[in-house]
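# Architecture and fold: a report
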Amino acid sequence: MPLIKRLAHLLVSPVLALSLALPATAADLASFKDRLFAYPAILSQADGGDYVVVDYKEARDIDARDEVPERRVKSDYVALGVRKVQKDLVLPTPAGEIKHVAVGRSEGAKIITIYLHGQGGSRKQGVDDFTFGGNFNRIKNLMAQNDGLYLSPDFSDFGDGGAAEIAALIDHYAGTSPGAKLFIACGSMGGGLCWKLAADKAVTGRLSGLILLGSHWDDGFLSTPAFKRKVPVFFGQGSKDKVFPVEKQETFYRSIRRKSPGYPTRFVRFETGTHGTPIRMTDWRETLNWMLSVR
C-alpha cells in the first residue's frame, strides 16, 4: 500500500489509531464485558487521576441492572460457562483444613486473585454469579480467560488465625504457580486480613496488590513490609458508607501518599454509594491492569 494511502487509512481508523496510541502489554488482562462494567461517569478527579469520584445511582446501578434487585443481575452481565472450571475444595495445611472455591488454573497460573469476605460471609459469596451486579462472575471470567486462578476461601476469623490460614492457602497455590502475580481483595471486615497479610514477609514477597472494598484502615500498614515494597493499594468506598466512613478511609489514603510520595495507591469514591457498593461497582479489569502496570 502506498505511503499516502497508509497514512489516510490510519486517520480514518480510530480503533487502530487508539491501539497504536495505547499499546497493550503482555501483562494486560484481556477484556470481558468492559462496556457493562465500566464506571458510569467520572464526576471529578484529583492526585493526577489517582483519586476519582464516580457517579453512582441506585435506580440505574441496581434497579435497572438487576432482574431482582440485589439478588439476581440480568443475564447480559454474566457468562456461566466459567462454572466448568470452578471447584469447591478442601486444602489440608499446617494451619488447618481450608475450604475454598477455586476457579481457573490450579497449576501454572499467570495471575492469582483471592477474595476475602466480610462479616457473615463465606467462600460462597465470592463466587455467586448473580449478586453484586454480576461483579464476582466478571472476576471469575477474567481470571479463567487470562490463564489465571481465582480463589474464594473460608477462614476462621479476621485475626491471627484467619491470617495464618490465608497465608497457608497462598503458600500452596504460589507453589503450584510460582511465577504468578498475586492480588488480595478484601471486602468490609475482610480488610483486617489484608492488613495482617501485609505485615507477613513471606506473603508480601509474593504480593502484587491489595484491593480494599468498602473496608477499613490500619495505620500500622505504614510500617509493614508491603508498604516498604510499595505494594499497590486500591481503595473503593461508598460516600454514604455507615460502617466505615469514607472520610476516615480518605484520610488514610492521603497518609500513605504523604508518608511515601509517589506511592502506587488509588481511591475510587462512589458518590451516594453505601457499604456494599464497591463490591458491586469496582472495575476489576481496570484495577488489576493498573496494578500489573506498576509491578
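These figures come from a predicted structure and were not determined experimentally.

Looking now at the state of the cysteines. Working definition: the covalent bond between the sulfur atoms of two cysteines is a disulfide. Counting across every chain of the model gives one disulfide. Each sulfur of the disulfide joining Cys186 and Cys194 lies 2.1 Å from the other. Because the sign of the S-S torsion sets the handedness, a value of about 90° for the bond joining Cys186 and Cys194 places this disulfide among the right-handed ones. Side by side, Cys186 and Cys194 carry an identical accessibility label, which is buried.

All right, on to the nonpolar core then. Of all hydrophobic cores here, the largest spans 46 residues; its most connected members are Ile112, Leu116, Ile184, Leu210, Phe221 and Phe235. Sorting elements by how many residues they give to this core places helix H6 (residues 160–176) first, with seven residues. Formed by 32 residues, the second largest nonpolar core is a distinct cluster that contains Tyr39, Ile62, Tyr150 and Trp284.

Here we come to the confidence of the model for the chain. Scored by pLDDT, the chain has a mean of 92; 91% of the residues are at 70 or more. Confidence over residues 1–26 falls short of pLDDT 50; this stretch has six contacts with residues more than four positions distant or in other chains.

Here we take up the sheet that holds strand S8 (residues 148–153). One open sheet accounts for ten strands, arranged S1-S2-S12-S11-S10-S9-S7-S8-S6-S5; its pairing is mixed. The open sheet is flanked by strand S1 (42–46) and strand S5 (86–93), the only strands paired with a single partner. Direction aside, neighbouring strands of the sheet carry axes that sit 20° apart on average. Taken together, the six bridges between strand S9 (residues 181–187) and strand S10 (residues 207–213) define a ladder with parallel strand orientation. Note on S10: the bridge partner recorded for Gly187 is Leu213. Docked against the sheet, helix H7 (residues 191–198) engages strand S7 (111–116), S9, S10 and strand S11 (233–238), running at close to 155° with respect to S10. Relative to S10, helix H12 (residues 284–294) is tilted by about 145°, and along the sheet it contacts S7, S9, S10, S11 and strand S12 (265–271).

What counts and what doesn't
Residues numbered from 1 in each chain as written. Predicted model: local features only at pLDDT ≥ 70, side-chain atom pairs only at ≥ 80, totals over all residues. Heavy atoms only, no water. Disulfide = S-S within 2.5 Å. Buried < 20%, exposed > 50% of the residue type's maximum accessible area, 1.4 Å probe, protein only. Core = buried A, V, L, I, M, F, W, Y, C linked by side-chain atoms within 4.5 Å. Helix = DSSP H or I, 4+ residues; strand = E, 2+ residues; numbered from the N terminus. pLDDT = per-residue confidence, 0-100. Contact = heavy atoms within 4.5 Å. Pairing = 2+ DSSP bridges. Axes fitted to C-alpha atoms, helices over the stretch in contact; angles between N-to-C directions.

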